[in-house]
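Single-letter residue listing:
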Amino acid sequence: MATPLREPAPARDRTTAGAPAPVPRRRTSRDVWTAALFFLAPAVVALLALRIIPTLSAVETSIPFGTDRALLSNFTYIFSDPDFLGSLRVTLLFSLVVNPIQIGLALALAVLLTKKLPAVGLWRTLILLPIAVPQAVSAIIWLVLMRPDGPLNGVANALGLPSVPWLVSPDVALASIVIVCSWVGVGYWMTFLVTGIRDIPTSLYEASSIDGANGWQQFRSITLPGLRRPLLFVLVADTVSNLLIFAPVRVLTQGGPQGSTNMIMYDISERAYTLGDTQAASAGTLVLVVIVVAIVAVQFRLLPGKD
Amino acid sequence: MRPRLLRRAATVVAALAVVAGCAAAPAGDAPETIVFLNPHAGAYDDVVAEFEARNPDIRVEQQSVPFDQMVSQTQARLASGDTSVDVVSVDPPRLAGMVTQGFLTDESASADLLESTSSQVGINSVTVDDRPWAYPLWTSDAFLFYNRDALTRAGVPIPGPSDADRLTWDQVLDGARTVAEADTARYGFGIDQVDRYYALQPILESMGAGPGLEGPDSLTAAVDTPEWKRFGAWYRDLYTDGLAPRGVDPGQMADLFASGGLGFYLSGASSITKIAESDLAGNWGIAPAPYVAGGPVVTPTDSWGVGISAYSEKQDAARRFAQFMTLDPEGVSAASRTMNLPPVATAAMPAYLDHLAEVAPAETAGIGDLLEIDLERHARHRPTSVGYVQFETTLNRAFTDLRNGGDVDSVLATAQDTLVRQLDRQRELAGDH
């Protein structure tokens, strides 16, 4: 059904055209270029308008040309600012915690939901449902749920448990953001892994069963190696998206209490749009770009080649 | 088949073009549309309708954003030179920063007009470098609202309505504690503008603390003084003791009081209509804002005005609307009805008080006198500084940290350090200009 082989089918031209005369070849080559240009243009224009030009503009804004200040003064400023350094620390801590949790849960759910469970469609829908809710809306729902006198603590108290200071304690707030982000993220990343598991030939599982392998051995020796490619994609994409978390912080904690959830995207947006310091915000943006590119570069090296 | 389809399509397009032409035809020219960016959804519908009826050549499109996003919206749009905003709501303490960044037009040409219609205090609130840069619309005051039933059942005396009856904070909080213990309301006390400097500055200054910004240009931070720490402990304890609700933001406080959840409630006139129309109707009252025993009585003042964007391409039309809404008594009355805030234009005051008397006759009977006394004797402006946004943002965050039980010394020390750094940065950036 699903084959890992993705060799391209032999090009029909090669067998039918033989050795064409120089003129038609040029025309063909021009046609190919025209077609390529036609199909690539929207992507290239979008890339220029939405990525390259804004990045160049951030570079220009972050360097105070035409003033008495040093060219790198905005970078010196943000790296001497405890708020910015704090946001780097919080973002790093958040990434170290949230990525393994999200990927681990997504993998566990993907394995579970590809088994023959009763009402598997219902479970899958329930897990995927949070993706359909806009981030800001889901954050508002969580804001009400996590209020000190809100429903979550109401349930906890009814069960005889103490109240949890979800969003009001500097020790707990970041964990609350991890929960909110994972509520959305786990289902989303799970879909990629479910597809990956479906791509693993069932014959491998059947053969290993005959050889007496148990579920755990099958997971370790068949599922995990078979999932390498989608797992690495999920790792890269999830890491990047978690570095760029904004809406839950804006809605739930505004970076507090005491800076404990001040993640880098929120810090940059505060500088730009509340404090009006676009120079420092642009410098912060470039730092973020460098971090993201560095992490992605390392993760890409882990990506498999043509296996 | 195909040509017929094409012909039909062409007919439809032609018909639409004729209809569109007709719609614009009667006035000769289409009305000029100006955009009014504000943080008060629904508050200006009456004044816009009234203005459009009198000025058929101008149409006003309102863009109302949430209160918390007004600063970032203004900053993002005007800093990028967005020409699609013509009139913008302005909070007076933020005016200096907006003027420094070149967001607003100099309205010196209207200085005489302003003098003849508005109070001096109102004019001062929109003046930077001796020139007016906006039109003041409302002023403001704080009052102590109370839940009559909750107080009576708990045996707490009902506070009187006049300046002479003003309670001290100790008296109010004792009463609030009694209400909470008797469980006649869920919480003893609540503040409408939780964690906002506007609401807390009067309490701070009544405790003997400074405003937090000092020096000739109000660019020196002083928020870790012993008086500030005393206030910090007081504010924190309100919430750690459970006397006031944690985790309820300003948007939900009036509803909490109106649903009977609070014994006492420190709020402004803008809550009156909501409370008067709630289940609490007939069961509430208004007393003067409390003060700290031994300290001065201090009340908040100033409120939103409107400015004209320096990037607007329709400044004349924008000015006509801004002036109608803030200087013409009928425009001011229409603009003040929904938010219920007291107007700066002196001629519009009687109509404002009449309106309050219609909404809540018994409860607001003494409010006119109280407003006059507070505005004349007790009102304290927020500091005017190009660093006000930095100041307010940092402090509002510090107040939230205190409310959440943060250590007073460390929260205020952090706020002080942050402010010193940000105000230095403000000076550094100002040096570029």
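Rules of the game
- Residues numbered from 1 in each chain as written.
- Chains lettered and ligands numbered in written order.
- Predicted model: local features only at pLDDT ≥ 70, side-chain atom pairs only at ≥ 80, totals over all residues.
- Heavy atoms only, no water.
- UniProt positions renumbered as here; feature names shortened; annotations may be inferred.
- Helix = DSSP H or I, 4+ residues; strand = E, 2+ residues; numbered from the N terminus.
- Buried < 20%, exposed > 50% of the residue type's maximum accessible area, 1.4 Å probe, protein only.
- Contact = heavy atoms within 4.5 Å.
- Areas by Shrake-Rupley, 256 points an atom, 1.4 Å probe, with all protein chains shown as cover.
- Buried area = accessible area lost by both parts, 1.4 Å probe.
- Salt bridge = Lys/Arg side-chain N within 4 Å of Asp/Glu carboxyl O.
- Polar contact = N/O pair within 3.5 Å; in protein donor to acceptor, adjacent residues only side chain to side chain.
- Nonpolar A, V, L, I, M, F, W, Y, C, P; charged D, E, K, R; others polar.

- As named in an unreviewed UniProt entry, chain A is Lactose transport system permease protein LacF, taken from Pseudonocardia autotrophica.
- Comment text from UniProt for chain A, heading Sequence similarities (unreviewed entry), reads "Belongs to the binding-protein-dependent transport system permease family."
- The record in UniProt for chain A states the following under Subcellular location (unreviewed entry): "Cell membrane".

**Things to note about the overall build of chain A**
- Per the secondary structure count, chain A includes 14 helices and zero strands.
- The linear arrangement of helices and strands in chain A, starting from the amino end, is α-α-α-α-α-α-α-α-α-α-α-α-α-α.
- Across the 307 residues in chain A, those meeting the buried criterion constitute 38%.
- Considering only intrachain contacts with a sequence separation of at least 6, the fraction spanning at least 24 residues in chain A is 70%.
- Carbon together with sulfur atoms contributes 70% to the accessible area of chain A, which is approximately 18,100 Å² in total.

**Section: the UniProt feature "domain: ABC transmembrane type-1" (unreviewed entry) in chain A**
- The positions that UniProt labels "domain: ABC transmembrane type-1" (unreviewed entry) are, in the present scheme, residues 88-299 of chain A.
- With 75% helix and 0% strand, residues 88-299 of chain A has end C-alpha atoms that lie 20 Å from one another.

**A few points about the interface of chain A and chain B**
- With 26 residues of chain A at the contact, the number on the chain B side is 28 residues.
- Of the roughly 2,300 Å² buried where chain A meets chain B, counting both sides, 47% is carbon and sulfur surface.
- Where chain A meets chain B, there are six salt bridges.
- Counting every contact that joins chain A to chain B gives 10 residue pairs in polar contact (both at pLDDT 80 or more).
- Elements with a minimum of two residues in the side of chain A that touches chain B: helix H3 (73-80), helix H4 (82-113), helix H13 (264-274) and helix H14 (278-302) of chain A.
- If one sorts the elements of the side of chain A that touches chain B by residue count, H13(A) sits on top with four residues.
- Taken together, the residues of the side of chain A that touches chain B break down into 10 nonpolar, eight polar and eight charged.

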